[in-house]
2 protein chains.
Amino acid sequence: MGAEAERTDQVAEEWAGVAPDAAQRLVGAAVEAFAERGYHATTTRDIAGRAGMSPAALYIHYKTKEELLYRISVTGHERALKIMSAAAEAEGTAADRLCRAVRAFASWHAERHTTARIIQYELKALGEEHYAEIADLRRRTDRLLREIIQDGTDAGEFSVRDVPGTTLAVLSLCVDVARWFTADGKRTPDQVGELYADLVLGMVGARRP
Amino acid sequence: MGAEAERTDQVAEEWAGVAPDAAQRLVGAAVEAFAERGYHATTTRDIAGRAGMSPAALYIHYKTKEELLYRISVTGHERALKIMSAAAEAEGTAADRLCRAVRAFASWHAERHTTARIIQYELKALGEEHYAEIADLRRRTDRLLREIIQDGTDAGEFSVRDVPGTTLAVLSLCVDVARWFTADGKRTPDQVGELYADLVLGMVGARRP
DNA sequence: GCCACGACTGAGCAAGCGCTTAGCATGCGC
DNA sequence: GCGCATGCTAAGCGCTTGCTCAGTCGTGGC
């Protein structure tokens with residue numbers, strides 16, 4: 001199986017919950033097209049074509065092209081938030097939780113770099129109300145990470161001068177994986193997660209031995 | 001003077017070398033428009049309008065809309081490379097040079113976040129030949145940073161397990177400043193540079209006291 | 001005074017955009 | 001067998017896009 005088909009399979013799996021089948025194929029096609037060319041450079045004809053349908057079919061399942069972006073954005077942000085909250089609520093020291101959080105968050109941005117690229121770099125293309133909803137999900141993700149870093153700092157595990165600034169930097173580092181990661185690069189998503197967890201522990205002054 | 005006019009002034013200053021005046025106003029207008037809405041969402045009418053000219057005037061000074069992006073991209077990448085090479089060639093320990101490099105590189109991405117946003121996030125909109133030229137400038141920037149980190153690791157100043165991976169992460173961290181930085185935020189570009197230099201020294205296991 | 005020339009505009013072209021509409025198959029309840 | 005909802009397509013509408021071109025304006029050389 002070639003890299004192309006593999007990715008298509010992965011995209012399909014990611015949207016397995018969407019029904020009916022045509023709607024699922026459309027959202028999968030949109031993810032691929034948006035990630036490849038950007039939202040504004042993607043045409044509704046392109047999306048429909050990739051899904052094997054006529055341009056008009058798109059509008060039976062989605063009101064506008066922006067709604068497709070919004071659905072992708074909500075699903076992606078919810079998944080990212082879930083990953084972060086799973087790590088935040090885990091047992092263990094702050095260093096354990098930070099390590100888990102960064103490893104999972106960074107490797108998700110590598111593994112699902114197509115979806116991640118869209119949700120991180122096409123925010124401005126969302127409508128105003130949709131943007132506000134997404135911004136709330138983003139704030140919640142940020143707060144979870146900040147709390148871990150604050151906990152570690154309070155407990156003396158970390159040595160961090162600027163907790164909000166460091167939180168911002170760690171999030172930014174993980175998010176930007178979606179920009180540079182490619183499936184044919186020399187690192188697997190897991191390796192990226194490992195590397196990043198190690199680097200971030202260094203950033204907060206709690207490098208593991 | 002309002003924030004709007006201030007930014008316009010800064011943009012004008014950045015492109016002060018471009019002649020004639022109309023070409024300079026056009027490239028400044030393009031920087032603002034591309035950074036605000038993205039390349040594909042910006043129309044040539046918008047650029048010309050911001051420069052106080054008719055749509056046709058653009059084509060006297062630039063062959064296509066893509067040429068404007070290319071000029072912005074070359075200038076921006078050359079400036080970023082110059083910043084990196086100044087730090088790389090400086091006197092001092094590897095930690096000194098890394099600190100300088102990150103401080104200058106990150107704060108440039110904050111200070112000139114409009115230009116930086118374009119050159120970092122609109123690469124795919126470049127034509128093939130133009131892209132190849134830009135990719136070369138990027139590789140040179142990467143190499144300079146990697147050499148600093150390699151030097152520090154060889155000298156025992158740093159403790160880095162994966163030099164190319166860490167280089168990628170540091171560059172990614174600095175570059176992504178352009179995505180989240182806004183002039184009305186609570187951090188100045190210099191403060192971002194200071195914070196990031198400190199965090200990166202931690203990443204390489206050489207945190208200053 | 002007049003011409004040549006570069007800078008610029010108003011009008012507009014061909015192509016492509018997001019999206020709509022009318023109509024056609026298919027499959028279900030009865 | 002029939003009516004009808006559903007999922008889809010072919011055609012195309014109104015508009016915007018990047019870009020062009022004929023012509024106007026202001027200016028410097030002679």
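Note that this is a predicted model, so its numbers are computed, not measured.

The rules we used
- Residues numbered from 1 in each chain as written.
- Chains lettered and ligands numbered in written order.
- Predicted model: local features only at pLDDT ≥ 70, side-chain atom pairs only at ≥ 80, totals over all residues.
- Heavy atoms only, no water.
- Least-squares fit on C-alpha atoms with pLDDT ≥ 70 in both.
- Contact = heavy atoms within 4.5 Å.
- Buried area = accessible area lost by both parts, 1.4 Å probe.
- Salt bridge = Lys/Arg side-chain N within 4 Å of Asp/Glu carboxyl O.
- Polar contact = N/O pair within 3.5 Å; in protein donor to acceptor, adjacent residues only side chain to side chain.
- Helix = DSSP H or I, 4+ residues; strand = E, 2+ residues; numbered from the N terminus.
- Nonpolar A, V, L, I, M, F, W, Y, C, P; charged D, E, K, R; others polar.
- UniProt positions renumbered as here; feature names shortened; annotations may be inferred.
- Domains from an automatic or database assignment.

Here we look at the relation of the copies chain A and chain B
When chain A is fitted to chain B, the residual RMSD is 0.0 Å, and the transformation amounts to a turn of 180° plus an axial shift of 0.0 Å. Here the two chains are linked by the operation of a two-fold rotation axis. Same-surface contact between copies: 100% of interface residues of chain A are shared with the interface of chain B.

Let's talk about the interface of chain A and chain B
If you look at the interface, chain A gives 36 residues, while chain B gives 36 residues. A combined buried area of about 2,700 Å² lies between chain A and chain B, and 53% of that area is made up of carbon and sulfur atoms. A salt bridge links Asp162(B) to Arg187(A); the nearest nitrogen and oxygen atoms lie 3.0 Å apart. Our count for the contact surface shared by chain A and chain B stands at nine residue pairs in polar contact (both at pLDDT 80 or more). Of all the secondary structure elements, the ones that give two or more residues to the side of chain A that touches chain B are α2 (21–37), α7 (113–121), α9 (163–175), α10 (177–180) and α11 (189–203) of chain A. If you tally residues by element for the side of chain A that touches chain B, the top one is α9(A), at eight residues. Considering only residue class, the side of chain A that touches chain B consists of 15 nonpolar, eight polar and 13 charged.

What to know about the UniProt feature "DNA-binding region" (unreviewed entry) in chain A
Here, UniProt's "DNA-binding region" (unreviewed entry) annotation points to residues 43–62 of chain A. Helix and strand shares over residues 43–62 of chain A are 55% and 0% respectively, and the end C-alpha atoms of the span are 14 Å apart.

A word on the domain arrangement of chain A
Residue and element names in this part refer to chain A. When its domains are assigned, chain A resolves into domain 1 (3–62) and domain 2 (66–203). Between domain 1 and domain 2, the C-alpha centre-to-centre distance is 25 Å. Contact with domain 2 buries surface across domain 1, with Glu14, Tyr39 and Tyr62 losing the most and accounting together for 38% of the total. In this structure, the connection of domain 1 to domain 2 is made through zero salt bridges. Summed over the shared surface of domain 1 and domain 2, the result is two residue pairs in polar contact (both at pLDDT 80 or more). The set of elements that each furnish at least two residues to the side of domain 1 that touches domain 2 consists of α1 (3–14) and α2. Considering every element that reaches the side of domain 1 that touches domain 2, the biggest residue donor is α2, with six residues. Among the residues forming the side of domain 1 that touches domain 2, the class breakdown is 11 nonpolar, three polar and three charged.

Digging into the side chain of Asp176(B)
Position of Asp176(B) among the secondary structure elements: in the loop between α9 (163–175) and α10 (177–180). In this structure the side chain of Asp176(B) is engaged in a polar contact, spanning 2.7 Å, whose partner is the side chain of Ser172(A). Apart from residues lying up to four places away in sequence, Asp176(B) is in contact with Tyr121(A), Ser172(A), Asp176(A) and Tyr121(B).

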